[in-house]
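So you can see what is in the structure, the chains are spelled out below.
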Amino acid sequence: MIQAEKLVKCFGDFTALSELTAQIPQGSIYGLVGSNGSGKSTFLRLCAGVYMPDGGSLQVFGEPVYENVPLKSRIFFVADDLYFLPQSNLEEIAAFYRGIYPSFSQEKYQKLCTVFPLDPRKKLNTFSKGMKRQAALLLGLACQPELLLLDEAFDGLDPVIRGAVKKLLSDEIAGRGMTVLITSHNLRELEDLCDHVGLLHQGHILFEKEIDELKLGFCKVHAAFPGGFDPQMLQPLGVLQLGQVGSLLNLVVRGSSDQVSAYLREQGAVFAEGVPLTLEEVFIHEMEAVGYDYNNILF
């Protein structure tokens, strides 16, 4: 659906993307994470056809997107730095997009106006940051694109609206097969929404996986040894991380939480149970596995 091969984008002497290779399947919610300046916004602008690649190739729906007007009518881009026509209101911008996007749905627009607490006749330049973000998302969904590009989409939104947006995105994917590419530097924000995730660092993708696959093979276990424990008994587990508070051990290991918990109980733990790993914790250990210091890359 989106196929990037050794994609390069430079701005003068600065290389924003360096031989980036990525595959984003149709009908997925793909989360692109990375620190500020890692190239996330640049990649979205390339996918939207705002920038022309300086090297490599980028295809969306099997076609180059730069200066491809018919293809661009199937893509909607919500930028981090939002722009609206001067002195316009939501109704006027909706009319503008109605003339650009053949798939624009007036019915959906009206329905979304009941979801987002916005006055469609009020000037957009009087809106707060969060309200402007809501307006952009509302318009993007009303245009019914096949590909929705969201740059820091939840920035400035309150928890209620965040939940509503996540549900709307999920409904669009389930109902129409829409694809969403969303950037963020906040892993927790993407954990419950995305089914694929890629880590962008210094202009290229370090790795990309399905979230379920990413979490497969890791487990976190809490176990209590009131009488103390022999550290040697942990060696067969291949412990990646070990913390201890009194008699309670917190372990991150490779393997099944059920098997690890059973082994620890055999070794004398009065209780041992697995708890879910967060996406951030999985990334930490994946980064360490490929030789990167995670703390120097993200957050």
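Source: prediction; values computed, not measured.

## Structural notes on the overall build of the chain
Tallying secondary structure elements over the chain gives ten helices and 13 strands in all. Along the longest, intermediate and shortest principal axes, the C-alpha atoms of the chain span 70 × 45 × 30 Å. Within the chain, the fraction of its 299 residues that count as buried is 47%. Long-range contacts, defined as pairs at least 24 residues apart, comprise 69% of the intrachain contacts of the chain with a sequence gap of at least 6. Total accessible area on the chain is roughly 14,200 Å²; 50% of this is exposed by carbon and sulfur atoms.

## Here's the deal with the nonpolar core
In terms of nonpolar packing, the biggest core is built from 54 residues, with Tyr 109, Leu 139, Leu 150, Leu 169, Val 180, Ile 182 and Phe 283 touching the most fellow members. If you tally residues by element for this core, the top one is helix α5 (residues 129–142), at seven residues. Leaving out residues up to four positions away in the same chain, Ile 182 has contacts with Ile 29, Tyr 30, Gly 31, Leu 32, Leu 150, Ala 153, Phe 154, Leu 190, Leu 193 and Cys 194. Grouped together as the second largest cluster of nonpolar side chains are 25 residues, Phe 43, Phe 61, Val 65 and Leu 200 included.

## Remarks on the pairing of strand β9 (residues 204–210)
Where strand β8 (residues 196–201) lies against β9, six bridges are found, and the strand directions are antiparallel. Within β9, the residue paired with Leu 199 across the bridge is Phe 207. Hairpin remark: β8 followed by β9, antiparallel, with two residues in the connecting loop; positive phi at Gln 202, about 50 degrees.

## Remarks on the layout of surface pockets
Its volume calculated, the largest pocket comes out at about 600 Å³. Listing elements by their share of the lining of the largest pocket, those giving two or more residues are α2 (69–72), β5 (75–78), α3 (90–98) and α5. Counting residues per element, the lining of the largest pocket draws most heavily on β5, at four residues. In terms of residue class, the lining of the largest pocket is built from 19 nonpolar, one polar and three charged. Here the second largest pocket defines a volume of roughly 190 Å³. Contributing to the lining of the second largest pocket are 13 residues, with Asn 36, Gly 37, Gly 39, Lys 40 and Ser 41 lying nearest its centre.

About the criteria used
Residues numbered from 1 in each chain as written. Predicted model: local features only at pLDDT ≥ 70, side-chain atom pairs only at ≥ 80, totals over all residues. Heavy atoms only, no water. Helix = DSSP H or I, 4+ residues; strand = E, 2+ residues; numbered from the N terminus. Buried < 20%, exposed > 50% of the residue type's maximum accessible area, 1.4 Å probe, protein only. Contact = heavy atoms within 4.5 Å. Areas by Shrake-Rupley, 256 points an atom, 1.4 Å probe, with all protein chains shown as cover. Core = buried A, V, L, I, M, F, W, Y, C linked by side-chain atoms within 4.5 Å. Pairing = 2+ DSSP bridges. 1 Å grid on protein atoms, 1.4 Å probe; cavity = no way out; pocket = protein on both sides within 12 Å on 5 of 7 lines; lining within 4 Å. Points joined across faces, edges and corners; volume = space filled by probe spheres on them. Nonpolar A, V, L, I, M, F, W, Y, C, P; charged D, E, K, R; others polar.

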